[in-house]
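# Fold and geometry: a report
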Amino acid sequence: MIKDNISEVKRRIAAACLRAKRDPTSVKLICVTKNRSGEEIKEAFLAGITEFGENKVQEALSKQAIFGIGQAPGSKLQAFLHLHMLGHLQTNKVKEAVKIFDLIHSVESLRLAEEIDKQAARINKVQDILIEVKTSPETAKSGIKPDATAGLIKEAAEFRNISIQGLMTIAPLADNPEKARTYFRMLRELRDKITQAPGSKLQALSLSMGMTNDFEIAIEEGADMVRIGRAIFEGKI
Ligand SMILES: *Cc1c(COP(=O)(O)O)cnc(C)c1O
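Residues numbered from 1 in each chain as written. Predicted model: local features only at pLDDT ≥ 70, side-chain atom pairs only at ≥ 80, totals over all residues. Heavy atoms only, no water.

What follows is about the environment of S136. Positionally, S136 belongs in the loop between β5 (127-132) and α8 (146-156). Sequence-wise, S136 and K10 are 126 residues apart; in three dimensions their C-alpha atoms are separated by 27 Å. Residues contacting S136, with those up to four places away along its chain left out, are P172 and Y183. (Helix = DSSP H or I, 4+ residues; strand = E, 2+ residues; numbered from the N terminus. Contact = heavy atoms within 4.5 Å.)

Within the structure, the ligand sits among V32, K34, N55, L86, I170, M211, T212, R227, I228, G229 and R230. For the ligand, an oxygen atom lies 2.9 Å from a polar atom in the side chain of N55. Here an oxygen atom of the ligand sits 2.5 Å away from a polar atom, N or O, in the side chain of T212. Computed on the free molecule, the ligand has an accessible area of 390 Å², of which 89% lies beneath the protein chains in the complex. (Near = heavy atom within 4 Å. Polar contact = N/O pair within 3.5 Å; in protein donor to acceptor, adjacent residues only side chain to side chain. Areas by Shrake-Rupley, 256 points an atom, 1.4 Å probe, with all protein chains shown as cover.)

What follows concerns the pattern of salt bridges. In the structure shown here, the tally under the stated rule is 15 salt bridges. One salt bridge connects R11 with E8, and the closest N-O pair in it is separated by 2.9 Å. With R11 and E8 both in helix α1 (residues 2-19) and three residues apart, this pair spans about one turn of that helix. The salt bridge involving R191 is made with D192; its shortest N-O contact spans 2.9 Å. By relative accessible area, D192 is classed as partly exposed at 23%. (Salt bridge = Lys/Arg side-chain N within 4 Å of Asp/Glu carboxyl O. Buried < 20%, exposed > 50% of the residue type's maximum accessible area, 1.4 Å probe, protein only.)

Summed over all chains, the structure comprises one aromatic pair. Ring centres of F52 and F67 lie 5.4 Å apart, and the angle between their planes is 50 degrees; on these two criteria the pair is classed as tilted. Here the residue F52 occupies a position in strand β2 (residues 51-54), and F67 occupies one in helix α4 (residues 64-67), the gap between them amounting to 15 residues. There is no split in this pair, since F52 and F67 are both buried. (Phe/Tyr/Trp six-rings, centres within 6.5 Å; stacked < 30°, edge-to-face > 60°.)

Before going further, it helps to examine helix α7 (residues 110-122). Its 13 residues place the ends of α7 19 Å apart at the C-alpha level, agreeing with the 18 Å of an ideal helix rising 1.5 Å per residue. For α7, the complete set of buried residues consists of L112, A113, E115, I116, D117, Q119 and A120. Contacts made by the buried residues of α7 are with α6 (94-100), β4 (103-107), β5, α8 and β6 (162-168). Positive phi shows up at N124, right after α7, with a value of about 55 degrees. (Expected span 1.5 Å × (residues − 1).)

In contact at an axis separation of 11 Å, α8 and helix α9 (residues 181-196) are set at 35 degrees when each is read in the N-to-C sense. Handedness of the α8/α9 crossing: right-handed. Together, P146, T149, A150 and I153 of α8 and M186, L190 and I194 of α9 make up the contact between the two elements. (Axes fitted to C-alpha atoms, helices over the stretch in contact; angles between N-to-C directions. Left-handed = near helix turned anticlockwise from the far one by under 90°.)

If you want it as structure tokens, here you go:
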């Protein structure tokens, strides 16, 4: 049952917080609904999930009735349901993306930030974004190189219609979740370096890291948001 899986995930989040001496309410659970049916999503919603993550603009749009997108602004569902864009975002999809997503986790270039700023300005929105960092050398993964991150943030911070909320990373899949720790730690240290740099105007940057395989390690390393799909919809992995 999805409801039981969610309880179990929440219990594991709380336990990881305790180990790390963190407040269990400080970690946001994002339920990743890519490739999941409307029925499954509704079940998660009825079990108390309010943060949902999708990987593709088109798929999120096709589920708009389920997510309450397109309802009158300020409607009840819109007020407490939040939608996260987690996948690679193409510039030609930005126009639709800014209309539906509360937080875009996957900004990895100045060009993309610029387009988001432009399209958000057209609808009078300040779009919250995260910068996706490629913490592992694995080539298939997207994101900006760690040593280029501070520079991108500095330039993107000039845009008036985006607001940089933090950093995101995806650790490479490994049989042992401990292997992900280096990458999560790298993201946290990068964040600390950026926020503590002299003259930095960014006081707080959140960390989006940790998925089904490795979310407990991510929490121990300081994750503020975990993005979980399989543990919720498929149960014990
Ligand atoms: C699919 C996906 C997730 C969720 O992964 P699970 O292993 O199903 O928990 C999280 N983040 C991103 C970017 C994803 O693409």
